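# A closer look at the structure
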Amino acid sequence: MNHKFDFDLERVVQEITSKDAKLVLIQLPEGIKMYAEEIVSFLVKNTKATIIVSGESNWGGCDVALNEARNLNVDLLVHFGHAPFIKADFSILYVEVKDLTDFHVLLQQSLDSLKTFNKIGLVASIQHLHTLPDVQLFYEKHGKTVSIPSKKGFAAYDGHVVGCEYNALKTIDDKVDCFIVIGNNFHSLGAALSVQKPVFLIDVYNMDVVNMEPLKQKIVKQRAMALAKMKDARTIGIIIGTKPGQKFGTYQILKERLEKLGKNVVVLTMNEVTQEKLTNFYNIQGFIELACPRIAIEDYGKYDKPILTMKEAFVLLNANSWEDLLVNGFL
Ligand code: SF4
């Protein structure tokens, strides 16, 4: 189905004008790159600035095109589709983009799945965050108690869910019977892998209500397999992510502890982790990635060799337990 978005372009025009920006770089997430022409036309018509669109991938608020912006010497970087994630010494405008799709029919449909759950924890990805008050009202009218968790960590707002940040949900895990995530599979799977209570997705993209438990169980099995394979690796690559907001953990501790276990370690940097890049490191049998934790988890099938997240690496090092991951989450 076609989604209708609010790109808040009047605010972008205002910012360009007030900064008297002559050269502007805009960044769009993959799902909205198709609107590039429409956005550029509007900005060109309503400002005096030259607009350049970054053709690189953009997966999250962590993925801010600072290097491109500095290389091009632009006056302003406009990052669409995510909430502020990092602080940088550069002029960045985050434009969060609202998805205006009406999904009321899904709320009605979800009541069937929620029959046995009275207390609901409610969160949404940034595109749907503006719908939370209405959704809360809907469920309360149907006799449910709704809790929206306060923001924590990388989440910019109360009830805001980010792919690598579920601590807010954990704070209400023992107070609710289940969670509802409004958005897509990515955020709801992350939630399911982080909390103990059942997670349901209001899937605004496929117009469906999805119980995340079967997918969670499949992923947990895959993670167990990745850990088991990693035990046999003689040489391990630790991948440091070079995107501005992807600095998860420190490689030195991992390196020292892996070497104590008798492993050879090669520390690598990557801006984007791909199978093609990993293939060239032929003599490395497995990787630990300190970039986005979702790369290892989400893209399991894409890679020939096992890839662990930092949390999983500590299980390999016997510094944490598998049971702890199951209880406290993989992210
Ligand atoms: S690190 Fe990964 S999950 Fe977190 S914001 Fe970036 S792309 Fe999203």
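First, a word on what this report is: a plain description of the structure on this page. (Residues numbered from 1 in each chain as written. Predicted model: local features only at pLDDT ≥ 70, side-chain atom pairs only at ≥ 80, totals over all residues. Heavy atoms only, no water.)

### Here we look at the sheet that holds strand 12 (residues 235–241)
Reading across from one edge, 13-12-14-15 is the order of the four strands in this open sheet, with parallel pairing throughout. Of all strands in the sheet, those with a lone pairing partner are strand 13 (264–270) and strand 15 (307–308), marking the two edges. Sheet topology note: the strand 12/strand 14 (residues 286–289) ladder contains four bridges and is parallel. When the sheet's bridge partners are listed, Gly237 is paired in strand 14 with Phe287. Contacts from helix 9 (residues 251–260) reach strand 12, strand 13 and strand 14, with the element oriented near 175° to strand 12. (Pairing = 2+ DSSP bridges. Helix = DSSP H or I, 4+ residues; strand = E, 2+ residues; numbered from the N terminus. Contact = heavy atoms within 4.5 Å. Axes fitted to C-alpha atoms, helices over the stretch in contact; angles between N-to-C directions.)

### Overview of the site of the ligand
Around the ligand, the surrounding shell consists of Trp59, Cys62, Phe85, Val162, Gly163, Cys164, Phe186, Gln246, Phe248, Cys292 and Arg294. A class-by-class count of the residues in the shell around the ligand yields eight nonpolar, two polar and one charged. (Near = heavy atom within 4 Å. Nonpolar A, V, L, I, M, F, W, Y, C, P; charged D, E, K, R; others polar.)

### Section: unusual backbone geometry
Within the chain, Asp8 stands out as a residue other than glycine whose phi angle is a positive 55°. Residue classification places Asp8 among the partly exposed residues on the basis of a relative accessible area of 31%. With a phi angle near 60°, Asn73 is a residue other than glycine that sits in the positive phi range. Owing to a relative accessible area of 62%, Asn73 belongs among the exposed residues under this scheme. (Buried < 20%, exposed > 50% of the residue type's maximum accessible area, 1.4 Å probe, protein only.)

### A look at the packing of helix 4 (residues 104–113) against helix 5 (residues 132–141)
Two numbers describe how helix 4 lies on helix 5: the axes approach to 11 Å, and their chain directions differ by 35°. Viewed along their axes, helix 4 and helix 5 form a crossing whose handedness is right-handed. Seen from helix 4, the contacting residues are His104, Leu107, Gln108, Ser110 and Leu111; seen from helix 5, they are Val135, Phe138 and Tyr139. Taken together, the residues of the contact of helix 4 with helix 5 break down into five nonpolar, three polar and no charged. (Left-handed = near helix turned anticlockwise from the far one by under 90°.)

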